[in-house]
Amino acid sequence: MSFKIASSPHQHIQKTTAQLMKLVAVAAVPGIAVQAYFFGYGVLIQLLLAIITALLCEAAVLALRGKKVKVKLLDHSALVTALLLAVAIPSYAPWWLVVIGTAFAIIVVKQLYGGLGNNLFNPAMAAYVLLLVSFPLPMTSWLPAAPLQQQSLGPADAVCTIFTNFSCSGYSISQLRQDADGISMATPLDTLKTDLSQGYTTEESMKKPVFGWLSGEGWFWVNLAYLAGGLFLLQQKVIQWRIPVAVLGSLFGFSFIAWLISPDTNASPLFQLFSGATMLAAFFIATDPVSASTTEKGRLVFGALIGGLAFVIRSYGGYPDAFAFAVMLANMTVPLIDYYTQPRTYGHKSKGAR
Amino acid sequence: MESKMNQYQELVRQGLWKNNPGLVQLLGLCPLLAVTNSLASALGLGLATMLVLLSTNTVVSLIRNYVPNEIRIPVFVMVIASVVTVIELLMHAFMYNLYQALGIFIPLIVTNCIVIGRAEAFASKNAVLPAAFDGLMMGTGFALVLCTLGAVREVIGSGTLFAGADLLLGDWAKVLTIHLYQADNQFLLAILPPGAFLVMGFLIAAKNAVDARIAAKAKPVEQKISRARVTHVST
């Protein structure tokens, strides 16, 4: 007779990877819905394209590597990667953008490093950085939120624009981005950055219609929806509080100090928290169980590093939003963070004590 | 005679494949990754490096019996630096456009580890002819890797092949440029440094895959050693 002896931890939540990933996907639904409402049905098509590409690539590489394709596909990790990338790129970006990005995320960043659990970098963010560095123009061509759009776009327009670069009535992306005066509108973060570099103060810049209420027309609601999804994930214990709190806290802290010192050249902390990809990054991207830190203290450090880097890159960097770069840079430091924050093993003394 | 031929064959194999400076020794990565954004500049730097290797190996081999062992490294470095200076001046005189395109990377050949590596590891211990041949083969191996990287990155990044060949070969070479496709959005990453690392990684992986396939084919039938198990194993 043999006893089954397993190593600690002896009690754990009996949730499989597939269940966790499904919960993440469910939690992203409100955010996606709000995004589709404000920024067009394009995001749904991008999602579809990304998921199809991700599953095809994952299946192909798994087959090449001689793994059990069906079992591994059904852990839904590729689905979540595809989802995160699809919501991160502009809704009406050309179709090949998301296809190249997803293929890179799955094949190079995830599978070449050894598949789920072995990737050093967050696949979705690495792919986003690849696309942003390679194709800066289409990657920053966000349409203004629906209330500000001059042409109303239906589902058919989304298909036309993504696959032919022109909407069904023949407008190009840059025409669709124009406001009533024929000036193309950028995202709130981008507009603020341009205005500040041209000598406007924050207050003057914020009067533009693209900012709407608090942090940008549409963007505030998108962030609020992802915040709600993130709180759902916390409640379900899919993620822990440390990383999101550290990310948001450090972003808030840094921007608060900067705002106190010079309110004319810095955005308010609330604007920072509710614009761009802040909530999506804090709750869905930085909490990736594979590429984030694994110790309790380490997670606080990791999150704080992301928030700080995001603030620095947003304020002084060349790109409008910063979370992809911040997450990738923080991913690199994870082995070091984990090394120095190892918890004390029961029965051993802590390193400093004698 | 037989063994001489074998020695040269071995040198070819080592330089071009088995001990390739770019793919296996991973030496000289700085120019390898920095200038390979187009086939023309890769070929230019590859040829320059090959010439340097050939000359330094020859000279080092010639003086190997007169250099005291204790100060051989400084002497080799002086030899390499003078050869590189000569080649740099020659390129300045006869290929000014390419000289400008390659910029700092021509003088930097001095610091390329392959050059001092081959001088120390091979040329200082062998006769002139094998040493010169080794330099030529190592240089060719390096140039081939440079050109492959350059070609792949140029095709992916800008959709052309051999653009700027006229810098290297004169005006007639403009006809050599092939336009493969015209894209509105260039795949910038392939031309930027990260693209070099990615393509390099794939090249090394491809070489290892080929080696593994050859090894699998050539594997002799292993004789199985049968042994009696004396300890009990519970399952």
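Residues numbered from 1 in each chain as written. Chains lettered and ligands numbered in written order. Predicted model: local features only at pLDDT ≥ 70, side-chain atom pairs only at ≥ 80, totals over all residues.

Participant: How do you make sense of the interface of chain A and chain B when you look at a structure like this?
Facilitator: As a measure of interface size, the accessible area lost when the parts come together is often cited. Between chain A and chain B, the contact holds six residues from the first and five residues from the second. When contributions to the side of chain A that touches chain B are tallied by element, the ones reaching two or more residues are helix 6 (123-134) and helix 7 (136-139) of chain A. Among the elements that take part in the side of chain A that touches chain B, helix 6 of chain A stands out by supplying three residues, more than any other. Across the side of chain A that touches chain B, the residue classes tally to five nonpolar, one polar and no charged. (Contact = placed C-beta atoms within 7 Å. Helix = DSSP H or I, 4+ residues; strand = E, 2+ residues; numbered from the N terminus. Nonpolar A, V, L, I, M, F, W, Y, C, P; charged D, E, K, R; others polar.)

Participant: I'm lost on helix 4 (residues 77-88) of chain A in this one. Help?
Facilitator: In an α-helix there are 3.6 residues to a turn, and that puts residues three or four apart on one side. Residues and elements named next belong to chain A. For helix 4, which comprises 12 residues, the first-to-last C-alpha distance of 17 Å matches the rise-based estimate of 16 Å (1.5 Å per residue) to within 8%. Of all 12 residues that make up helix 4, 12 are buried, and the element is covered over most of its length. Contacts made by the buried residues of helix 4 are with helix 1 (17-39), helix 2 (42-64), helix 3 (69-73), helix 5 (95-111), helix 6 and helix 15 (278-285). (Expected span 1.5 Å × (residues − 1). Buried ≥ 20, exposed ≤ 12 C-beta atoms within 10 Å, placed from the backbone.)

Participant: Can you help me understand the packing of helix 4 of chain A against helix 5 of chain A in this one?
Facilitator: In helix packing, the relevant descriptors are the interaxial angle and the interaxial distance, both defined with respect to the helix axes. Residues and elements named next belong to chain A. Remark: helix 4 packs on helix 5, axes separated minimally by 10 Å, with the N-to-C direction vectors making an angle of 140°. Classified by the angle their axes make, helix 4 and helix 5 are oblique. Note that helix 4 runs across helix 5; the crossing there is right-handed. Here helix 4 contributes Ala78, Thr81, Ala82, Leu85 and Ala86 to the contact with helix 5, which in turn contributes Val98, Gly101, Thr102, Ala105, Ile106 and Lys110. (Axes fitted to C-alpha atoms, helices over the stretch in contact; angles between N-to-C directions. Parallel < 35°, antiparallel > 145°, perpendicular 65-115°, else oblique. Left-handed = near helix turned anticlockwise from the far one by under 90°.)

Participant: So what exactly am I meant to see when it comes to the confidence of the model for chain B here?
Facilitator: Fine structural detail should not be taken from predicted coordinates in areas where pLDDT scores are low. All names here are of chain B. Chain-level statistics for chain B give a pLDDT mean of 83 and a share of 89% at 70 or above. Highest mean pLDDT in chain B belongs to helix 4 (residues 72-94) (90); lowest belongs to helix 8 (residues 165-169) (70). If you check the scores for this complex, the pTM reads 0.84 and the ipTM reads 0.76. (pLDDT = per-residue confidence, 0-100.)

Participant: How should I be thinking about unusual backbone geometry in this particular structure?
Facilitator: Note: most residues except glycine have negative phi, and most peptide bonds are trans. Of note, the phi angle at Lys237 of chain A is positive, near 60°, even though the residue is not glycine. Topologically, Lys237 of chain A is positioned in the loop between helix 12 (219-235) and helix 13 (242-261). With 11 C-beta atoms counted inside 10 Å, the residue Lys237 of chain A sits in the exposed group. One non-glycine residue, Leu26 of chain B, adopts positive backbone phi at about 50°.

Participant: Can you walk me through the domain arrangement of chain A in this structure?
Facilitator: Residue and element names in this part refer to chain A. Examined at the domain level, chain A breaks down into domain 1 (15-183) and domain 2 (186-339). Each of domain 1 and domain 2 has a C-alpha centre, and these two points are 20 Å apart. At the interface, 33 residues of domain 1 touch 31 residues of domain 2. Elements supplying a minimum of two residues to the side of domain 1 that touches domain 2: helix 1, helix 4 and helix 6. Residues that form the side of domain 1 that touches domain 2 fall into these classes: 27 nonpolar, six polar and no charged. (Domains from an automatic or database assignment.)

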